[in-house]
Amino acid sequence: MDEGYADLHMHSSFSDGAETPAALVETCGKLGLRAMAITDHDSVAGLDEAFAAAARYPRLLLLPGLELDTKWRGRSVHILGYHIDRKNKYLLEVLAEQRRGREKRLGLMLAKLADLGLPLTARECYPSAAFGEHKAVGRPHLARAMVTKGYVSSVEEAFDRYLAAGKPAYAEIEKLTPKEGVALVHAAGGAAVLAHPGELPTPQLAEELLKGETAAGFDGIEVYHPNNAGCMAKWLRTAKNFHLLVSGGSDYHGIKGKIPEHLGEWLVPVSFVRELLEWHK
Ligand code: AMP
Ligand code: ZN
Ligand code: FE
Ligand code: FE
């Protein structure tokens, strides 16, 4: 399977994406993609629905995925897990705990916004009444609610003025360390990939995470990502130097103004990520 295109990073309505897992699969199927992965933050609960939808597209390989947010030296380090066992009990327990942390953090951020004269309820942040404990609430939900309320004119403005790290309504979530995050993916039988390294504040931080005593144990690195634009050749060399699997995807959320705005705008040739697609423990 060396022909065609893949997208191995996108978010559904089980975390902060706008579309259901089934809708994402339908779109990728209709685009004729050969491989895709749904990588929701802290939830694998949307994957059953995704696999049911994928049965209609026999040429499309669906990898079970997820994205974890870990912390290292005060910085956020995202980890993608692929080929995970979505029924793994330990994984499900830890993800449930992470989601409870997200609920708690939402409460803290709402209190800060209220202090700033921008009151909102948690209910107004959930996209629907069906947004239950298996789905992961995040800052994009809060940002969209702020747009609906008329407090800001765009999600981007909500982040820039209030929600980004260091801004007045920001609050931290309790996070795993990268080593713990990688170990969790491994415990669930998956491959752990360092997500969008171009977002790390310095390339040295990536090196620390990949080698020596501070190495977290990654199996791969996400070379092809919109936020790596301009440095993909460098990350490809890093992947080769460290003998790591290469991954790539769009990080599509369906958020207006956030690149990419549509699925299919950021695709990766299957030949670039073949080893990851064929990876097994
Ligand atoms: P959280 O998981 O709640 O910390 O929110 C992180 C998510 O917010 C990321 O995965 C992005 O999808 C989104 N995000 C972060 N920064 C921005 C931004 N400046 N504009 C729009 N979305 C953003
Ligand atoms: Zn997200
Ligand atoms: Fe991420
Ligand atoms: Fe993501």
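Please read all numbers here as calculations on a predicted model, not as lab measurements. (Residues numbered from 1 in each chain as written. Chains lettered and ligands numbered in written order. Predicted model: local features only at pLDDT ≥ 70, side-chain atom pairs only at ≥ 80, totals over all residues. Heavy atoms only, no water.)

Student: Explanation requested: the coordination of the iron ion (ligand 3) in the structure shown.
Tutor: Metal coordination angles in their ideal form are 109.5 degrees for the four-donor tetrahedron and 90 or 180 degrees for the six-donor octahedron. Around the iron ion (ligand 3), the protein supplies E67 (OE), H78 (ND1) and H196 (NE2) as donor atoms, at distances of 2.0 to 2.2 Å. Considered as a linear motif, the donors of the iron ion (ligand 3) on their single chain read E-x10-H-x117-H. A gap of 3.4 Å separates the iron ion (ligand 3) and the iron ion (ligand 4), which E67 links by coordinating each metal. Here H78 lies in strand β4 (residues 75–82) and E67 lies in strand β3 (residues 61–72), a separation of eleven residues in the sequence. (Donors = N, O, S within 2.8 Å, 3.2 Å for Na, K, Ca; no water. Helix = DSSP H or I, 4+ residues; strand = E, 2+ residues; numbered from the N terminus.)

Student: Explanation requested: the sheet that holds strand β5 (residues 191–194) in the structure shown.
Tutor: For sheets, the rule is that strands pair by backbone hydrogen bonds, running either parallel or antiparallel. Spatially, β7-β6-β5-β4-β3-β2-β1-β8 is the arrangement adopted by the eight strands of the open sheet, whose pairing is mixed. Bordering the open sheet on either side are β7 (245–248) and β8 (268–269), each of which pairs with just one other strand. The pairing of strand β1 (residues 5–7) with strand β2 (residues 35–38) spans two bridges and is parallel. Its bridge partner being in β2, D7 is matched across the sheet by M36. Where helix α9 (residues 232–241) meets the sheet, it contacts β6 (220–224) and β7, and its direction lies at approximately 160 degrees from that of β6. (Pairing = 2+ DSSP bridges. Contact = heavy atoms within 4.5 Å. Axes fitted to C-alpha atoms, helices over the stretch in contact; angles between N-to-C directions.)

Student: Looking at this model, I keep getting lost on the pairing of β4. Mind explaining?
Tutor: Remember that side chains alternate between the two faces of the sheet whenever the strand is regular. Counting buried positions over the eight residues of β4 gives six, a clear majority of the element. Where β3 meets β4, eight bridges bridge the pair, whose relative direction is antiparallel. By the bridge assignment for β4, L68 is matched with I79. Counted between consecutive antiparallel strands, the loop separating β3 from β4 contains two residues, among which R73 sits at a positive phi close to 50 degrees. Two strands pair when backbone bridges link them, and β4 and β5 are joined in this way by four bridges, in the antiparallel orientation. Across the sheet, L80 pairs through a bridge with V193, a residue of β5. (Buried < 20%, exposed > 50% of the residue type's maximum accessible area, 1.4 Å probe, protein only.)

Student: Help me understand the site of ligand 1 in this model?
Tutor: Taken together, the neighbourhood of ligand 1 is formed by D16, H41, R102, R105, G138, R139, P140, V155, E156, F159, H253 and K258. Measuring from an oxygen atom of ligand 1, one finds a backbone N or O atom of R139 at 2.8 Å. In this structure, a nitrogen atom belonging to ligand 1 sits 3.1 Å away from a side-chain N or O atom of E156. Out of a free accessible area of 500 Å², ligand 1 has 84% covered by protein chains. Counted by class, the shell around ligand 1 contains three nonpolar, three polar and six charged residues. (Near = heavy atom within 4 Å. Polar contact = N/O pair within 3.5 Å; in protein donor to acceptor, adjacent residues only side chain to side chain. Areas by Shrake-Rupley, 256 points an atom, 1.4 Å probe, with all protein chains shown as cover. Nonpolar A, V, L, I, M, F, W, Y, C, P; charged D, E, K, R; others polar.)

Student: Please explain the pattern of salt bridges as it appears in this structure.
Tutor: Note on pairing: side chains with opposite charge can pair once their charged atoms come close. One pass over the structure, following the stated rule, counts 13 salt bridges. Salt-bridge contacts for K149 lead to E124; the nearest nitrogen and oxygen are separated by 3.0 Å. With K149 in helix α5 (residues 139–149) and E124 in helix α4 (residues 122–125), this residue pair connects regions lying 25 residues apart in the sequence. When the shortest N-O distance is used, the salt bridge between R161 and E157 registers 2.6 Å. One end of the pair, R161, and the other, E157, are both in helix α6 (residues 155–163), four residues apart, so they sit about a helical turn from each other. (Salt bridge = Lys/Arg side-chain N within 4 Å of Asp/Glu carboxyl O.)

Student: Is there a simple way to think about the nonpolar core in this case?
Tutor: Buried together is how nonpolar side chains tend to be arranged in soluble globular proteins. Formed by 64 residues in total, the largest nonpolar core has its most connected members in L8, V25, M36 and F218. Per-element accounting of this core gives the leading share, five residues, to β3. Setting aside its immediate chain neighbours within four residues, L8 contacts A35, M36, A37, T39, L63, Y82, S247, G248, G249, V273, L276 and L277. Counting residues in hydrophobic clusters, the runner-up holds 23 residues, among them L110, L113, F131 and A169. (Core = buried A, V, L, I, M, F, W, Y, C linked by side-chain atoms within 4.5 Å.)

Student: Would you mind going over helix α10 (residues 270–278) with me for this structure?
Tutor: Since the α-helix advances by 3.6 residues per turn, residues separated by three or four positions end up pointing in the same direction. Within α10, the full set of buried residues consists of V270, V273, L276 and L277. Looking straight down α10, one finds that the buried residues subtend no more than 110 degrees of arc, so they occupy a single side. (Arc of directions from axis to C-beta.)

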